[in-house]
Each structure stands twice: as structure tokens, then as C-alpha cells.
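These are the residues of each chain, in order.
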Amino acid sequence: MNNQDIANLLFPDITQTPEDIFARYPKRNLKEGQVVTRFAPSPTGFMHIGNFFQAFISYNLAKNSNGILFLRIEDTDEKREIKEAKKVIYDVLNRFGITFDEYQTLDGKDIGNYGPYVQSQRKDIYKVFAKKLVAEGKAFPCFCKKTEGKEDVLKLRETKFINDDEKEYDPCRDLSYEEVKKHIDNGEKFAIRLKTKHDGKERIKFYDLIKGELEAKANAKDFVILKNDGTPPYAFAHAIDDTLMGTTIVVRGEEYISSAPAHLELFEALGFKPIKYCHNPLIYKLNEEGNRRKISKRYDPESNMLYFPEKGYPNDSVLEYLLNMINSGFEMWRKNNPDKSWKEFKFGTGDITTVAPIFDLVKLNDISKNIIATMSGEELYNNWLDWASEYDKDLAEILKSDKEKYIKLCQMDRDGSSKPRKDIFNYSMMKDYFNYMFERPQTFEILDEDKEKANEFLEYYSKKYKTASSNEEWFENVKTIAGEMGYATDNKLYKQNPEAYKGNVAKACEFIRVAVTGKKNSPTLFTIMSLLGEDETKNRLSHKF
Ligand code: GLU
């Protein structure tokens, strides 16, 4: 009785061979330089910014090489409820326009020839390869009770490895056919473990496309490749799927570097060509003391990719910020190419930062302000309305009720004659920013010592005020009225002799602005007053501070 007999005993129903499987996954016909990469999320119900970062890098590497990007759902951990969780993944990717050449639709249809693109539907494939490894003596069944396949330290201890601190050999690694048969006849469940060929003394070198050549201790653990429920842990599924699906570059988080030696041993045992890894740096944040820590689901709302659409950040703001993190050269490129889409910014694996990027909301806001400043009034209105339709339905109704008025509001300072103000960085802040359009101001940014003067000016101004047809006409009116009230209409004269005046026209405008909007700063006052209409404007001007 040999290893092949053990394999047959363990997998009597598996009749296919690896060759049969490979016949279903023909080699991809790629041109020189074309990258095939993938995003392989586990459906956890949460899209962490770090996961998305990885998806976005993959998306760009494929796009920049006219290559192929596919989506593979890694859902072999069946304890989780995955249906809703899968939707979260698709939702985030759709929102940000990350499109895939190959994937499985939410209702289960595979698009592409290398499916199924969902791991739980590939179980038989993994078994074929596990059977082959057992038949070749490179893997073995393990009947230890605790062998769930979770490779966490605790479980490893419970399985009582023969551990001399250099190697971790499992006690089941040399069971005879008879012993295996006895366990099987007893109806015992088994996991399959790789029989590592290393003794804990060797080191290996491998190449990472971002970090260059790395050296590490070779794997010397008999780790689980098939759990006792027949599902593969990450390592085994990764080696098989990325080989069959023709991945040329695996982009994954840096946290996987430490297990790369184990993964590479698997590739070798399976007779596969080693895969090219691109371990991207993780995203950090600075805490209040200025120390860095990984951005975390627990403490940082921005770790959730849905935070950004919820707050109403334009997708491009977020994506451009991520490009900044991937390659600091993006900022200069953007400066030199203000009108181009970020999609034209090309980078390869060698251009990806080796330094952990630090997430900084202020920086994102700056990028976003610039992007929003380039939108036309109508675009801004439409984006604002889209956002409100999802996150603030009452506001959406208001915005729809007088489309023309709100487009004009968004259009303010966007007529090309002056540089648009760069105050707005997301759509959720716009209701507050324009609060004077939705309700009378409740608070007023005015100094106590100015109140009396302002009341006096506004009383006179509101009597004289009439609607103007242009900003120039409006300003001329203000000047005339202010002049009548003893305000300087010529700034030079005012500066020469400030004592002779109650103030200058700018001060008079400030009083009007504060009465109408509550704020000291606002976009063009003339437009705001026209949009509010004469009655409402007069009403506000009659306010007493
Ligand atoms: N499912 C793994 C994860 O979400 C995939 C890692 C990889 O891209 O290979 O971390």
C-alpha cells in the first residue's frame, strides 16, 4: 500500500486529475507586458480602505498594461453569512467605478472563462489537488481533534506539533495506510496538511515587486491545506486559484509577506510556477501624539469605504487621494495636467510607494475642494441632488422643487470671471454651507461694538434697497446708499482719513452680508439676494442685531 492508496482512501469520489482541471483553464493568451491581476476580497460585510486600496492598485496595473482584472470572492469560511456581505463588496466597487473584466454577477452568473469566480463553488477543484499531493507523499491526512485548519497560534499549539522551535512537524505526518484506514473506518474527520520539506534551518529568497529581493526563514510547518470540512484555508486556495486563473501579479496587503514562504512552498509542491507578489503597504494614521498606527475599523470611520459616499465626497476626490498615496508623483502630474482624468496617470509596480502612507483627511479635503471647484453649477447641483436623494431625502425634495434656483446657487462664482471659492469638499456640508438659503439665519457673525452701527445702516438700506439686474448695478446702489449714510465710497480717501467716515463700503457690505446670511464670508451677495427674492431679503435686512 502506498501514498496513492491513502489518497484513494481519503478521496474516493475524486476521480479527476489536475490535468483534467488544467484542461478547463487554458493558458491565457497574453501579449508582452500585459498584467492579469485580481481583487480577492473575503465577504466580511465591510470594505476597509486598505482592501479597496489594493483593489485600486490592481485596477490600475491591469488598466495601465491593457491587461485583465478579475474579481474572486474568497468565501470559504462558511461560518459567515455572506449574501449581504457580498453585496457590500459589489456596491463599493460599483460606486467607485472599479470594473472587472471577469467576475461572477450577484445572481451567480460567471462572466469570463476562468470561473467559478467564487471560491465556495470551487471545492472539488481543491480536493483534486489535495489528493494529488497526498498521492505524491507531499501532504497527509491529520486526524487530530483540534485540526480545524485555522492557522492561528492557539490551534497550532493544541495540535501538539513536534516542535523543536525550528520545525513544526505534525504527529500524523507518517501514518501508515493501515492507521489511516482505522481512523477512516471509525468515521473520523480529517484535515490535510502539507508535509513540509524543510527542517527549519533553511532560508529562502523571494522577490517582491515593490520591495525587491527579500530573504526569510523557509516554511517548516506542516500547515493545513484542507480543513476537516473539506474547505481550503487561504494559502491553498490562493495557490490553486491564482495558477488556474492565470494571475500574473498578486497584489495583496503587506500583512501577507510573513506567510509568503509557506505559500511559495505550496506552489513548489504543487508543481506550479512561483507567482509574482506585489505586497502593498498598509495605510496608517497619526494619533493625537503624532505616532502612527494602522487605520482601524474600530477607531476610524474613514477606514470604511462607504464613509466617503455617505459624506458626499466625489469619487474622483477619493480616488485621486489614493493615487497620491500610491505614488507621490501624482501630485505633480495633476498640477501639470489639470484637465486630464486621473485614468491617464500611469504607474507600474516599481512606482508604488514602499513607505506606509498616512491617511490625512485634511489632504483629502484639499484635493476634493479643487475637484469640486472645477465643476459647473449644474454638475454640482446634480451631484448634490444625487447625494441628497440617497442620504437626505427631504433636502432632495427641496432641491428638486426649484431646480433653477438651486442651480444658480451652485453656479455662484463659477462663471469663469473669477476663481471659484474652494470651500466645499463634500456634498453633505453644502446644506450647512448654504444654510441661509433654507432658513433665516439664527446666529450672526457680528462684533458687539458694530451692532448699533449695523442696525442704523441696515434700517436705511432696507428702505432704499431695490433689486438690481447685475452685480455692478447692485454694488453701485450699495455705494450710493452707503455714501448717503456717511461711509467712504473711495477706499483711498478712507485710508487717508478714516476718522471722517463711519467706515468704508466694505464694512457696509459686511453688515448686509451678515444680516442676509448670518456670515461674514459668503459667495456673491448680489446673487444670494436675488435668489432669496426682494421680500425675503427685505425681511432679513430689517433684522435688529
Ligand atoms: N481574501 C484575502 C483577503 O481579503 C485575499 C488576499 C489576496 O489578495 O490574496 O485578505
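Residues numbered from 1 in each chain as written. Predicted model: local features only at pLDDT ≥ 70, side-chain atom pairs only at ≥ 80, totals over all residues. Heavy atoms only, no water.

Asker: Explain the overall build of the protein chain here, please?
Answerer: Counting secondary structure elements, the protein chain contains 24 helices and 15 strands. Counting only C-alpha atoms, the protein chain reaches 110 × 45 × 45 Å along its principal axes. In the protein chain, buried positions account for 51% of the 545 residues. Total accessible area on the protein chain stands at roughly 26,800 Å², and carbon and sulfur atoms take up 47% of it. Separation between the mean location of the 85 positive side-chain charges and that of the 89 negative ones in the protein chain comes to 1 Å. (Helix = DSSP H or I, 4+ residues; strand = E, 2+ residues; numbered from the N terminus. Buried < 20%, exposed > 50% of the residue type's maximum accessible area, 1.4 Å probe, protein only. Areas by Shrake-Rupley, 256 points an atom, 1.4 Å probe, with all protein chains shown as cover. Lys, Arg positive; Asp, Glu negative; His and termini not counted. Charge placed at Lys NZ, Arg CZ, Asp CG, Glu CD.)

Asker: For this particular structure, what's the right way to read the site of the ligand?
Answerer: Inspection of the region around the ligand gives Arg-38, Ala-40, Ser-42, Gln-54, Glu-74, Tyr-234, Val-251, Arg-252 and Tyr-256 as its neighbouring residues. Side-chain polar atom of Glu-74 to a nitrogen atom of the ligand: 2.7 Å apart, as the coordinates give it. A distance of 2.5 Å separates an oxygen atom of the ligand from a polar side-chain atom of Tyr-234. About the coverage of the ligand: the protein hides 91% of its 300 Å² of free accessible area. Looking at side-chain class alone, the shell around the ligand contains four nonpolar, two polar and three charged residues. (Near = heavy atom within 4 Å. Polar contact = N/O pair within 3.5 Å; in protein donor to acceptor, adjacent residues only side chain to side chain. Nonpolar A, V, L, I, M, F, W, Y, C, P; charged D, E, K, R; others polar.)

Asker: For this particular structure, what's the right way to read the pattern of salt bridges?
Answerer: A side chain with one charge may pair with a side chain of the opposite charge, provided their charged atoms come close. Under the counting rule described, the total for this entry stands at 37 salt bridges. Between Lys-400 and Glu-397 there is a salt bridge; the shortest N-O distance is 3.4 Å. Of the two residues, Lys-400 and Glu-397 are both situated in helix α15 (residues 393-401); the distance of three residues between them amounts to about one turn of the helix. Residue class for Lys-400 comes out partly exposed when judged on its relative accessible area of 47%. (Salt bridge = Lys/Arg side-chain N within 4 Å of Asp/Glu carboxyl O.)

Asker: Looking at this model, I keep getting lost on the pairing of strand β9 (residues 203-208). Mind explaining?
Answerer: Remember that side chains alternate between the two faces of the sheet whenever the strand is regular. Relative to strand β10 (residues 212-217), β9 runs antiparallel, the two sharing six bridges. By the bridge assignment, Arg-203 is partnered in β10 with Lys-217. Linkage of β9 to β10, two consecutive antiparallel strands, is achieved through a turn of three residues. (Pairing = 2+ DSSP bridges.)

Asker: Can you walk me through the packing of aromatic side chains in this structure?
Answerer: Working definition: an aromatic ring pair is given by the centre-to-centre distance plus the angle between the planes. Inspection of every chain in the model, using the stated rule, returns 35 aromatic pairs. When the centroid spacing of 5.7 Å and the interplanar angle of 5° are considered together, the rings of Tyr-406 and Phe-438 count as stacked. Remark: Phe-438 occurs in helix α18 (residues 435-438) and Tyr-406 occurs in helix α16 (residues 403-411); sequence separation between them is 32 residues. On the numbers, 6.5 Å between centres and 50° between planes, the contact of Phe-457 with Phe-511 is tilted. Pair noted here: Phe-457 is in helix α19 (residues 451-464) and Phe-511 is in helix α22 (residues 505-517), with a separation of 54 residues, a long-range link. The two residues Phe-457 and Phe-511 agree in class, both being buried. (Phe/Tyr/Trp six-rings, centres within 6.5 Å; stacked < 30°, edge-to-face > 60°.)

Asker: Help me understand the confidence of the model for the protein chain in this model?
Answerer: Residues shown with low pLDDT carry predicted positions that ought not to be read at fine detail. With 95% of its residues at a pLDDT of at least 70, the protein chain reaches an overall mean of 92. Predicted confidence is poor over residues 147-161, with pLDDT under 50, and the contacts of this stretch with residues over four places away or in other chains come to 35 contacts. (pLDDT = per-residue confidence, 0-100. Contact = heavy atoms within 4.5 Å.)

Asker: How should unusual backbone geometry be read in this particular structure?
Answerer: The phi angle of most residues is negative, glycine excepted, and most peptide bonds adopt the trans form. In the segment running from Gly-115 into Pro-116, the intervening peptide bond is cis, with an omega of -5°. Mapped onto the elements, Pro-116 comes out in the loop between β4 (110-111) and α5 (123-135). Here Asn-66, not a glycine, exhibits a phi torsion of approximately 55°, which is positive. Here Asn-66 is to be found in the loop between α3 (49-64) and β2 (68-71).

Asker: Please explain α22 as it appears in this structure.
Answerer: Since one α-helical turn is 3.6 residues long, residues separated by three or four positions face the same way. In this model α22 runs 18 Å from its N-terminal to its C-terminal C-alpha over 13 residues, within 8% of the 18 Å that 1.5 Å per residue would give. In terms of residue burial, α22 counts as a mostly covered element, since 11 of its 13 residues are buried. By the burial criterion, the buried members of α22 are Val-505, Ala-508, Cys-509, Glu-510, Phe-511, Ile-512, Arg-513, Val-514, Ala-515, Val-516 and Thr-517. Packing partners of the buried residues in α22 comprise α18, α19, α20 (471-484), α23 (525-532) and α24 (534-541). Where α22 terminates, the next one or two residues include Gly-518, which has phi positive at roughly 85°. (Expected span 1.5 Å × (residues − 1).)

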